[in-house]
Every structure is written in structure tokens, then in C-alpha cells.
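Residues per chain, in single letters:
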Amino acid sequence: GYYVRKGISEQMLVFLEGGGWCYDQSCSPTDEGTLADCQRRSYKNLGSSKSWEKILPEHKLTGMLSADPKANPVFHNWTLVYVPYCDGTSF
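Keep in mind that what you see is a predicted model, and the values were worked out from it rather than measured. (Residues numbered from 1 in each chain as written. Predicted model: local features only at pLDDT ≥ 70, side-chain atom pairs only at ≥ 80, totals over all residues. Heavy atoms only, no water.)

Considerations on the nonpolar core
(1) Moving on: Membership of the largest hydrophobic core is limited to 10 residues, which are Tyr3, Leu13, Trp52, Leu56, Leu61, Leu65, Trp78, Leu80, Tyr82 and Cys86.
(2) Moving on: With residues near it in sequence (within four places) discarded, Leu56 still touches Tyr3, Leu61 and Tyr82. (Core = buried A, V, L, I, M, F, W, Y, C linked by side-chain atoms within 4.5 Å. Buried < 20%, exposed > 50% of the residue type's maximum accessible area, 1.4 Å probe, protein only. Contact = heavy atoms within 4.5 Å.)

As C-alpha cells, this is what we get:
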């Protein structure tokens, strides 16, 4: 999933939110434990976009993602493509 906020500038900011991959958090990690962690994540927002809000509230976009020119003087009027982390891998 992703969110788009249209800007008035011809510029575009694509933000790929980083995350952490699935892994077995036990002292003796196993493949089975890692797969179990991925399966648990698949039911929540870190593993699926199914529960995401249809429209992301602007107050959740802060810093360089903000549309407020005082908080974000460089990118506030750019078109924003925000790709939240949700797949159990890292990029």
C-alpha cells in the first residue's frame, strides 16, 4: 500500500519507510521461529496494509513529510508518495 498527497510543485518526494525483517527473537534462532514471526506480523500493520486507514491523517506526516512550510520548508508543497513499511523485509 501507499499514500499520495498532491502538491503544487512539479517536484515529487518518494518516501520508502524502513523497517526490520522478520526473525526469530529467541536466544537460539530457527527458521521455524522466523517464519512464525512473519506469520504473526501478517495479521497486523507491520505485515499487511489491510488495516491501514484509507486516507492518512496529515498529523501523522511530520518532519520532511509535513505539508506545513514552517516545519518543512523544502518539501512542503511537493507531491508526496509515502510507502509505509509492512512486509517483514528491509529496504
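Having seen the model, we can carry on.
Considerations on the state of the cysteines
(1) Moving on: Applying the stated criterion across every chain, the model contains 1 disulfide.
(2) Moving on: At a sulfur-sulfur separation of 2.3 Å, the disulfide partner of Cys22 is Cys38. One disulfide, between Cys22 and Cys38, carries an S-S torsion of 130° and so falls in the right-handed class. Of this pair, Cys22 sits in the loop between strand 2 (12-16) and helix 1 (31-41) while Cys38 sits in helix 1, and the two are 16 residues apart along the sequence.
(3) Moving on: For Cys38, a relative accessible area of 29% puts it in the partly exposed group.
(4) Moving on: Of all cysteine sulfurs in the structure, the one in Cys22 sits closest to Cys27, which takes part in no disulfide; the separation is 19 Å.
(5) Moving on: Judged by its relative accessible area of 82%, Cys27 is exposed. (Disulfide = S-S within 2.5 Å. Helix = DSSP H or I, 4+ residues; strand = E, 2+ residues; numbered from the N terminus.)

Some thoughts on the layout of surface pockets
(1) Moving on: Taken as a whole, the largest pocket spans an internal volume of roughly 240 Å³.
(2) Moving on: In this structure, the largest pocket is lined by Tyr3, Glu17, Asn45, Leu46, Ser51, Trp52, Glu53, Leu56, Lys60, Tyr82, Pro84 and Tyr85.
(3) Moving on: Residue classes in the lining of the largest pocket are distributed as 7 nonpolar, 2 polar and 3 charged. (1 Å grid on protein atoms, 1.4 Å probe; cavity = no way out; pocket = protein on both sides within 12 Å on 5 of 7 lines; lining within 4 Å. Points joined across faces, edges and corners; volume = space filled by probe spheres on them. Nonpolar A, V, L, I, M, F, W, Y, C, P; charged D, E, K, R; others polar.)

Fair warning: the whole summary comes from geometry, so function is off the table for now.
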